[in-house]
Amino acid sequence: MAQIEAAQADTVIAPSLLAADFARLAEAAESVAGAVDWLHVDVMDNHFVPNLTLGPPVVKSLKAATDVPLDCHLMIEDPERWALGYAELGAHNVTFHAEASADPATLAKRLRSAGAKAGLAIDRDTPVEDYLDLLPEFDTLLIMTIKAGFGGQAFMPELLDKVRTARRHAKAGHLELRIEVDGGIAEDTIARAAEAGADAFVAGTAVYGADDPAEACRRLRSLADAAR
Ligand code: DX5
Ligand code: ZN
């Protein structure tokens, strides 16, 4: 069990490739390398969410194309069947949705055994309270700040109550837990998420919609650091 009550974990900035040009993902990774901690890879299966994006072959290519750790966010049904494959491809962090998993704790153990960090994602309409007892099994808790499925949606500040609840719970239990926020994170919203207790920040539109994606990441980081 980690002894990090005093030391605050460093801010993680994770640009979402969903907002990048899918024909130029390697360049999108390259354009932010050095300014970011993780690359956020949104896997959508057209079942768990209506949208369809990419899967293991693209993650495999990305892994070969960049040294930036891959943060795979699986918005898919049946993660018990598919999640381990992402760990085996070398994903740094594999996050699956609580709503899609029959047994999140067991899947988290399997991911960790395969050498990945285990992440649990909570969608807009799911209460975090139901999952607090499982948090010791996880390295990352991803709180959606939109409804999962599409980039470019408006940030929902009311969902930060879940971040506050989870951060209180993690502190009380001395858990070393990353709390990641995903959806509508931008220069005008990141400070509120950081104040609520998030320490990892996904940003798609705010990074790849900017003229200089690396500079956008640096600005997001300084805003988050100042708020934490
Ligand atoms: C949406 C994805 C997000 C998305 C965020 O379901 O999980 O990662 O890319 O995009 P922005 O930052 O544009 O809200
Ligand atoms: Zn995501």
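What counts and what doesn't
Residues numbered from 1 in each chain as written. Chains lettered and ligands numbered in written order. Predicted model: local features only at pLDDT ≥ 70, side-chain atom pairs only at ≥ 80, totals over all residues. Heavy atoms only, no water. Helix = DSSP H or I, 4+ residues; strand = E, 2+ residues; numbered from the N terminus. Expected span 1.5 Å × (residues − 1). Buried < 20%, exposed > 50% of the residue type's maximum accessible area, 1.4 Å probe, protein only. Contact = heavy atoms within 4.5 Å. Axes fitted to C-alpha atoms, helices over the stretch in contact; angles between N-to-C directions. Parallel < 35°, antiparallel > 145°, perpendicular 65-115°, else oblique. Left-handed = near helix turned anticlockwise from the far one by under 90°. Nonpolar A, V, L, I, M, F, W, Y, C, P; charged D, E, K, R; others polar. Pairing = 2+ DSSP bridges. Right-handed = clockwise from strand over helix to strand, strands pointing away. Donors = N, O, S within 2.8 Å, 3.2 Å for Na, K, Ca; no water. Tetrahedral: all angles 85-135°; square planar, octahedral: opposite > 155°, others 65-115°.

Q: Quick one: what's the story with helix α5 (residues 160-172), residue by residue and with numbers?
A: Between its terminal C-alpha atoms α5 stretches 18 Å, which fits the 18 Å expected from 13 residues at 1.5 Å a residue. Buried within α5 we find Leu160, Lys162, Val163, Thr165, Ala166, Arg167 and Ala170. Where α5 is buried, its residues contact β5 (117-122), β6 (140-144), β7 (178-182) and α6 (190-196). Following α5 by one or two positions, histidine 174 has its phi on the positive side, about 55°.

Q: How would you sum up the packing of helix α3 (residues 79-88) against helix α4 (residues 104-113)? Please name residues and give values.
A: The axes of two packed helices give the description: the angle between them and the distance between them. Look at α3 against α4: their axes get within 9 Å of each other, and the N-to-C directions meet at 20°. One way to sum up the angle between α3 and α4 is to call them roughly parallel. When you trace α3 past α4, the crossing you get is right-handed. Residues Pro79, Glu80, Ala83, Leu84 and Ala87 of α3 pack against Leu107, Arg110 and Leu111 of α4. Here the contact of α3 with α4 is built from residues that sort into 6 nonpolar, no polar and 2 charged.

Q: Give me unusual backbone geometry: which residues, what numbers.
A: The phi angle at aspartate 78 is positive, at roughly 55°, despite the residue not being glycine. Relative to the assigned elements, aspartate 78 resides in the loop between β3 (70-75) and α3.

Q: Lay out the pairing of β6 in plain terms, naming residues and giving numbers.
A: On any regular strand, side chains alternate: one points to one face of the sheet, the next to the other face. Within β6, 5 of the 5 residues are buried, leaving the element largely enclosed by the surrounding structure. Going residue by residue along β6, you find Thr140, Leu142 and Met144 tucked away on one face and Leu141 and Ile143 tucked away on the opposite face as well. Sheet topology note: the β5/β6 ladder contains 4 bridges and is parallel. Residue alanine 121 lies in a different strand from β6, and its bridge partner there is leucine 142. As defined by bridge partners, β6 adjoins β7 across 5 bridges and the pair is classed as parallel. Considered in β7, the bridge of threonine 140 is made with arginine 178. Tracing the backbone out of β6, into α5 and back to the parallel element β7 gives a crossover that is right-handed.

Q: So, the coordination of the zinc ion (ligand 2): which residues are in play, and what are the values?
A: Only His40 (NE2), Asp42 (OD), His73 (ND1) and Asp182 (OD) from the protein coordinate the zinc ion (ligand 2), and they sit 2.1 to 2.3 Å from it. Angles of 71 to 171° at the metal separate the 6 donor atoms of the zinc ion (ligand 2), which places the site in the octahedral class. If you list the donors of the zinc ion (ligand 2) from N- to C-terminus, the spacing comes out as H-x1-D-x30-H-x108-D. Here histidine 40 is found in strand β2 (residues 39-44), whereas its partner histidine 73 is found in strand β3, with 33 residues between them in sequence. A residue is classified by how much of its surface remains accessible, and histidine 40, at 0% relative accessible area, is buried. Classification of histidine 73 by relative accessible area gives buried; the value is 0%.

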